[in-house]
Amino acid sequence: MERLLQLKKQQEARIQDIREKINAWKAGQREAVICFFTHSIHISHDTDQECMMMASFHIRNLSHQKMHDPYICLKMSEDAPFQFSGKYVHKEQAGKMKAAGAWVRMDEQQKKNEFWLKPLDHTGIEPGGSLAFANFQLKWKHETSYAASVHGYAYGKGWESGVPSLNQISASGVKGEGE
């Protein structure tokens, strides 16, 4: 119950942050770039079944100039039980594969909790435009208790320090006694 109250407080804080950003945007104090997650989740309480989340990471360019060379970082918490998959290729394969909407992984493949990705078919985001790393999957089994999160950041020319996402993905579960 205490964990639910903590998650509710976090959710309320995120909603308030989004409201403040929207109000600032309406008042003309635009941040030029925003990014956020959308996701849906299927949780199984059966330890033999997989849990799965489908998610997308979106970048919106609210400025009046093109955002050049966009790329993203998706970072999972260290103890995340997630298996990450999505429409991306590794650097060595980038020249050989040209799937529409695919991204290339720019960092080391050995890193299981951090993914640096850039789009294969977009060199920029036009003013008022958007770009998404769409329909990636996170899968895990509910074999033990877990609490994990995914944070997202957008980068580009002029945005080298990164723009943190307006929200994050969080999932947690407690394995009951006798299971």
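Scroll up to find the structure this text is about.
Residues numbered from 1 in each chain as written. Predicted model: local features only at pLDDT ≥ 70, side-chain atom pairs only at ≥ 80, totals over all residues. Heavy atoms only, no water.

**Student:** Residues and numbers for the layout of surface pockets, please.
**Tutor:** Quantified by volume, the largest pocket comes out at close to 440 Å³. In this structure, the largest pocket is lined by 18 residues; those nearest its centre are Leu7, Lys8, Gln11, Arg14 and Ser170. Those elements that place two or more of their residues in the lining of the largest pocket are α1 (2–26) and β13 (169–173). Per element, the largest residue contribution to the lining of the largest pocket is nine residues, and it comes from α1. Broken down by class, the residue content of the lining of the largest pocket amounts to eight nonpolar, seven polar and three charged. (1 Å grid on protein atoms, 1.4 Å probe; cavity = no way out; pocket = protein on both sides within 12 Å on 5 of 7 lines; lining within 4 Å. Points joined across faces, edges and corners; volume = space filled by probe spheres on them. Helix = DSSP H or I, 4+ residues; strand = E, 2+ residues; numbered from the N terminus. Nonpolar A, V, L, I, M, F, W, Y, C, P; charged D, E, K, R; others polar.)

**Student:** Describe the nonpolar core, with residues and values.
**Tutor:** Ranked by internal contacts, the top residues of the largest apolar core, which has 33 residues, are Ile59, Leu74, Phe82, Phe84, Phe133, Phe136 and Leu138. When residues of this core are traced back to their parent elements, those giving at least two are β1 (33–42), β2 (50–61), β4 (71–76), β8 (114–119), β10 (130–141), β11 (146–155) and β13. When near neighbours in sequence (up to four residues on either side) are disregarded, Phe84 contacts Leu74, Met76, Phe115, Phe133, Phe136, Gln137 and Leu138. (Core = buried A, V, L, I, M, F, W, Y, C linked by side-chain atoms within 4.5 Å. Buried < 20%, exposed > 50% of the residue type's maximum accessible area, 1.4 Å probe, protein only. Contact = heavy atoms within 4.5 Å.)

**Student:** Can you tell me about the pattern of salt bridges, naming the residues and giving the values?
**Tutor:** Within this structure, the stated rule accounts for four salt bridges. Across the pair Lys75 and Glu114 runs a salt bridge whose closest N-O atoms are separated by 3.8 Å. Of the two residues, Lys75 is situated in strand β4 and Glu114 in strand β8; the sequence distance between them amounts to 39 residues. The class for Lys75 is partly exposed, based on a relative accessible area of 37%. Among the salt bridges present, the one from Asp107 reaches Arg105, with a minimum N-O distance of 2.7 Å. (Salt bridge = Lys/Arg side-chain N within 4 Å of Asp/Glu carboxyl O.)

**Student:** Before we move on, can you summarise the packing of aromatic side chains with the specific residues and values?
**Tutor:** Overall, the coordinates contain 13 aromatic pairs when judged by the stated rule. Ring centres 5.5 Å apart and planes at 75° place the aromatic pair Trp103 and Phe133 in the edge-to-face group. Here Phe133 lies in strand β10 and Trp103 lies in strand β7 (residues 103–105), a separation of 30 residues in the sequence. Overall, Phe133 belongs to the buried group, its relative accessible area being 0%. Here a set of aromatic residues connected by ring pairs shows up, and it is made of Phe84, Tyr88, Trp103, Phe115, Phe133 and Phe136. (Phe/Tyr/Trp six-rings, centres within 6.5 Å; stacked < 30°, edge-to-face > 60°.)

**Student:** Could you give me a rundown of the pairing of β2, with the residues and numbers involved?
**Tutor:** Across 10 bridges, β1 lies against β2 in antiparallel orientation. Looking at the pairing, Ile41 lines up with Met53 of β2. Alignment of β2 against β10, held across 10 bridges, turns out to be antiparallel. Bridging across to β10, Met54 finds its partner in Gln137. (Pairing = 2+ DSSP bridges.)

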